[in-house]
Each structure stands twice: as C-alpha cells, then as structure tokens.
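Now for the letters of each chain:
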2 protein chains.
Amino acid sequence: MKVAGFDIGGANTDLAVIDFDEEGNIKEIKTDFEYLPMWSQNDKLGVTLIDLIENICPVEEIDAVGISMTAELVDAFETKTEGVLDIANTCEKFFDVPVAYIGLNGVLSLEDLIKNPLDVAAANWKATSQIIAEIEKNCIFVDTGSTTTDIIPIKNGEECAKGRTDFERSATGELVYTGTLRTNLTSFVDSIPINDGNYRVASELFAITADVYNVLDLIKDEDYVCATCDGEGKTKEESARRISRVVCADLDILSIDEIVNVADFIHQAQIKQIASGIKEVSEREGLNTVVVTGLGKDILCAPAAKSLDLKVKSMGDYYTDEECVVAPAIGTALMMKNYI
Amino acid sequence: MKVAGFDIGGANTDLAVIDFDEEGNIKEIKTDFEYLPMWSQNDKLGVTLIDLIENICPVEEIDAVGISMTAELVDAFETKTEGVLDIANTCEKFFDVPVAYIGLNGVLSLEDLIKNPLDVAAANWKATSQIIAEIEKNCIFVDTGSTTTDIIPIKNGEECAKGRTDFERSATGELVYTGTLRTNLTSFVDSIPINDGNYRVASELFAITADVYNVLDLIKDEDYVCATCDGEGKTKEESARRISRVVCADLDILSIDEIVNVADFIHQAQIKQIASGIKEVSEREGLNTVVVTGLGKDILCAPAAKSLDLKVKSMGDYYTDEECVVAPAIGTALMMKNYI
C-alpha cells in the first residue's frame, strides 16, 4: 500500500510517498518538493499536488493522502481559519482516495477539521515528532527548513511542546522564524563588521540566507529553490552582489573575499539565533540531547546545539538527506498510514 | 525665476519648485511627491518628473532643474554607477532647460557626473544640509523619511559628515536605514512583549512602519503612500491585521487593543534605533543641538534626540510640514539656483 504525505508550507510544498509491505513495514520512501509561493499562487496548489505525485509514481497507485500545513499563515488569507479551510477544500477536490489532516492532537477527518480548523494550523512539527521519537525517546528535535526552525521537546517518546500554535511557540523558544533559504538577512543581523568598521544594515529585502550559503558553498545549487530578491540569477557572483547591497555597497566597493567574510559573520549570527531557542527549550525541559533535521541540519542546527554543549544526533544517520529535508511530509505519511 | 529641485529616491520622487524674486529671495515654494518604486518602474521616471512639475506649474515656466538621488541603490541596477548614469540619462532626455546634479562636493554638470558618477550617489543629504545650516550653524540634523534616516553633523554652517557614501555613513551613525513608512518591522524588532510572553517575530515582509503609525494615528491617511505588504487596503483594521502576522497571529488571536500595545512597543524600538545613530554622531562630534526634519521629525527624530537629553529644534518652526517632508528637494532647488 502506498501513502502520500504532503507538507504544504508557505513557500514549499513537500511530498513523501511511502510504500508499505503487508506487515505495514516501510518498503520504500520516495520524496520530492516544489517551490510554490502560496501568498501569490495558492490557486495552483491542487495541480502542484498532483504533479508532485506523478513525478514519483502514478497517482492511481496512491491509497491515501495525509496533509499537514503551515501555509495558512501567508497573507493571501485574512485569518488562519480561512487559510486552513481553503487549503483543505483544494485537497478534497483533487483526490478520490481517503484524505486526512495532521492536527495538534492527531489526525483529523475533513469533518473534524471543519469543527476546529486551528487544530491543523502549523501542526506539521507534530508529524516530524513521530519520526524523531523513534530515533531518541528523550530529546529536542531541531528542524531548520527553508523558512523556519522548529525546536520541539520529546519526553518518553511523546512531543511535549509548551506552545501549541505557532503564535504560542514563538514565545516558548519552540519556533524561531529563521531558515536556510528565504530569510531576510536584516531580520537577524543589525550590523556587520567589515575591516575596521561596523556597518548598519539596509532594511530592504536585498538578500536572503540562500545567498549567504550559496556564497559559502554550504548548499547545493539545486537547493536554492526560492526566488532571488532582484530577479537575477543564482551564481555565486549574483548572490555576492545581493549581499553587498545589504550594507549599501556593490561589487565595485566590496571584493568577493570581503563578501565571503560578511557571509561568514551572518552564518554565525544565524547559528546564535537558533541556539537562543534551543537554550530556552533545553533549560526549561531539562533535555540535553538534540536531534537535528531539515535542510539546515548540518550547517545551522548542529553547530547551534554544539555551541550549547548539547549532545547532537542527526536524522541523517537514519534517513537520506533528501528524506530529512521533507521530514514533516514523511511523518505525515506515517501518521496517515496509522489512521486509515 | 523658477527652479525645480528633485530628490529621486528608491521609493519616492520628491519635488520642490521655488519661485525667486529678482533679488534672488524666495517668493514661494511649492512641493509634491509621488510613490515611484524604482526597483520595478524606473522606466516611468521621466514621465513622473514631468507630471510632478505639471501638478504644480506649467513645465514651460521652469528655468532650471536640480537633481539629487538615492535611487541608484535599488536592485534594478547592478552597480551604483550604472544606476546614477541611467537616472541622469533620463533627466537629460526629459528637460530642455539646464539640468545639474547634487554631488558630495557641490553641484555637477552632466559632463562632471559622467567623470565621477559615485559623487552623486546618495548625496541628497548634502542638499538638506544647506537648509539646516541656515537654521543652526552648529548642530546635527536628523531627517527621517519614508525609508531612511540621515544624521548629519554641521559645524560653522558646513556639513562635516565623516562618512561620504551611504556605505561609509552606515558605519559612522550618519545613516540609519530605517524610516517612517517602508521599514520592515522585523529589521529592527526581534521579539515583542504581549501580556506575559515575549514573542519572536516572523522574518517575512508582513508589515511595515506605515502600519504601526497608521494604527497609532501618528501619520495622516494621505501619508501612507507606499504599497501595502499584502496588497490589501490601508484602514486601521487592515494595518492591525498585517501587524498581527508579524508574531504569527491574526485578528482572531489578538485584539485591536493588543495590537495597539504591540505598535507602541515597535514605535519605541524604532526611536531607540534612531537614537543609537544620533548618540554616535553627537559624542564623536561634540554637538548637542539636533534639528529634526522629514516625515518622522515629530514622531521619531525629536523623541530620539530628547531621549539623549539633546536640545531639539525643528525645521517645522521655519517651514511647513509639507516642505519638511521634501527637505532634500528644497535644498536641491536652492543649490541649483546658486549654481546657474
């Protein structure tokens, strides 16, 4: 039996299709994702879901579809409730097999979702926690994706996040809204040392973290899936030019070597930002082991945990890198399998 | 004789037309401005310049045109040099009367500009300093516009900014890239206290300072000239909804009263940000009087200066509010008058 798990984010829609044998064990996992900016193109969601599956296997072979989401926060929707209902409506329209939704307290049918749409809002970390709990029964998992970082405590194999909604988790250290690709550099850097000076940053959307890790060679070319700020290309020089603008400079003013130093500084600043959330959760919950996952697991999560002298494990020791990138989608498929 | 002064910014193009009597004294100042996002619509610059003049007086009555600019930084241009040359080229094409450009060391002809385009890049504060020096010969002027804040020391009637380019000034406290309208809240606020919690912000472009001052009733409806982040309207409720998203909330989660408290906190944070630049310049230069101007003069510049126990004067005591908003354009017209 084949179960599809989708994680519909604001910027990326991730998919995992898991093939189970007759005893219910995993035979094979296939994954894919597509950049779909839901703030401007949410009308393309249904077609994108089908296309993603077809890239992996014929849609007719899918027996059930699980959905988790965070895209309800995008500003195309007036409220999260409106967003959740709109997204669920699209999912129901495009699939004939059973569809259900990951909520904060388990899997919901459409009927239950309609009764309490907010239970489904930004609950994708709940799905991730299912996978991580099998790796480590007492830990904090840290999942840095393209846009956000989930920092979730697990005790005795059960997630026990103090905040439940993303609003609440932004106050408990369990959600740090910073990521490997889409994050505006000015959101976590106020000034940048260059040579002997300390340069305040320009509060525009001139460059994103994808440019920083592109210049530093810490992501692969194919990982830079989101749009560039200036509509130009994704070469290292083009990324360096975008970063130069963050201090009101250009590549006539700053050399590539200087930009690499700037990028190093920004990288360290983002590690500190993520560490601040891990520290809060670790101290409150008395947990000293971190399991890292997501696109930023090696370049952001692990260094952040190590800076706090915590023990670090990686989902990458049990799953492929491609699987780690779509961890919530895999968790969603697993929860859906247990639900049907 | 009538002289037009333009200040071509990245987001706004400002105009002042000054009518001089035969002795060269100011008879009348007329002003206007238009929101022109140069990152996407720089091809409309020429037409906008003509339209702006025609709103005030027939273009045939204009005897000379002075230009200052900061728009060369927008990411439609690869380098500042390319931006300056492109903008100057447009200005030359659209006017038959003498045109010249404000540079860091005075007014430049097109010929001189071509020899050293960077002298003209982000030099509009040079024009403002001409006006302020007549109000106070030893002071720091603080001009908070829609997007940026210039903090320029004046001694014995001459500006003596330590940084000359905007890159340099971002390291000397003389440019704080924060403004009254267009500034992404996440660029200067990391977390926001609400009730008993402290909420980390979402690093998207969900809301801008115009939303904050709209909710707090500190700007007029007609001052909110830039685009909204979500493409929706400019009512207080719509601004409040945008602000709620900055902490991953919506108006189901936060009440309007709570959003007003959030806006108050953000307002104070921006005052502190501007004060940090004023403090740096004041201590380095030993200047204790601040002259405030720009759209943010009363709500941002004056409170920032007062928080440092500095003496505050306002350009508003000598000019109308409308004139203060386009101070660099007025200074540009005055410098152009002296040049021809």
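Rules behind the numbers
Residues numbered from 1 in each chain as written. Chains lettered and ligands numbered in written order. Predicted model: local features only at pLDDT ≥ 70, side-chain atom pairs only at ≥ 80, totals over all residues. Heavy atoms only, no water. Phe/Tyr/Trp six-rings, centres within 6.5 Å; stacked < 30°, edge-to-face > 60°. Helix = DSSP H or I, 4+ residues; strand = E, 2+ residues; numbered from the N terminus. Buried < 20%, exposed > 50% of the residue type's maximum accessible area, 1.4 Å probe, protein only. Lys NZ or Arg CZ within 6 Å of the ring centre and 35° of its normal. Pairing = 2+ DSSP bridges. Expected span 1.5 Å × (residues − 1). Arc of directions from axis to C-beta. Axes fitted to C-alpha atoms, helices over the stretch in contact; angles between N-to-C directions. Parallel < 35°, antiparallel > 145°, perpendicular 65-115°, else oblique. Left-handed = near helix turned anticlockwise from the far one by under 90°. Contact = heavy atoms within 4.5 Å. Least-squares fit on C-alpha atoms with pLDDT ≥ 70 in both.

A. Quick look at the packing of aromatic side chains. Residues and elements named next belong to chain A. A full pass over the atoms with the stated rule returns four aromatic pairs over all chains. An angle of 35° between the planes, with centres 6.1 Å apart, marks the rings of Phe6 and Phe95 as tilted. A residue pair is termed long-range when its members are at least 10 positions apart, and Phe6 in strand β1 (residues 2-8) and Phe95 in the loop between α3 (80-94) and β5 (99-103) qualify at 89 residues. Phe95 shares its class with Phe6; the two are buried. Across the ring face of Phe20, the terminal group of Lys337 is positioned such that the distance to the ring centre comes to 5.2 Å.

B. Structural view of the pairing of strand β2 (residues 12-20) of chain A. All names here are of chain A. Within β2, nine of the nine residues are buried, leaving the element largely enclosed by the surrounding structure. On β2, burial covers both faces: Asn12, Asp14, Ala16, Ile18 and Phe20 on one face and Thr13, Leu15, Val17 and Asp19 on the other are all buried. Sheet analysis places β1 next to β2, joined by seven bridges and oriented antiparallel. Opposite Phe6, over in β2, you have Leu15 as the bridge partner. In this antiparallel pair of consecutive strands, β1 and β2, the connection spans three residues. Inspection of the sheet shows β2 paired to strand β3 (residues 26-35) by nine bridges, in the antiparallel sense. Across the sheet, the residue bridging to Asp14 is Phe33, located in β3. Following β2, the chain reverses through five residues before pairing antiparallel with β3; Gly24 in that reversal takes a positive phi of roughly 90°.

C. Structural view of α3(A). All names here are of chain A. In a regular helix each residue adds 1.5 Å, so 15 residues correspond to 21 Å; α3 covers 22 Å between its end C-alpha atoms and thus fits that length. For α3, the full list of buried residues reads Lys80, Gly83, Val84, Ile87, Ala88, Thr90 and Cys91. Down the axis of α3, the smallest arc covering the buried residues is 155°, so these residues share one side.

D. Inspection of the packing of helix α8 (residues 236-245) of chain B against helix α9 (residues 256-285) of chain B at higher detail. All names here are of chain B. At a minimum axis distance of 10 Å, the contact between α8 and α9 shows a crossing angle of 70°. Our classification of the angle between α8 and α9 gives roughly perpendicular. Between α8 and α9 lies a crossing of left-handed hand. Packed against α8, whose contacting residues are Ala240, Ile243 and Ser244, the element α9 presents Ile256, Ile259 and Val262 at the interface.

E. Inspection of the relation of the copies chain A and chain B at higher detail. Rotating chain A by 180° and translating it 0.0 Å along the rotation axis places it on chain B, where the RMSD comes to 0.0 Å. In short, the pair behaves as if placed about a two-fold rotation axis. In terms of C-alpha distance to the rotation axis, chain A has A:Ser187 as its closest residue, with the C-alpha 2.3 Å off the axis. Comparing contact sets, 100% of the residues at the interface of chain A also lie at the interface in chain B, consistent with an isologous, same-surface contact.

Interpretation note: all reported values are geometric properties and have no functional meaning in isolation.
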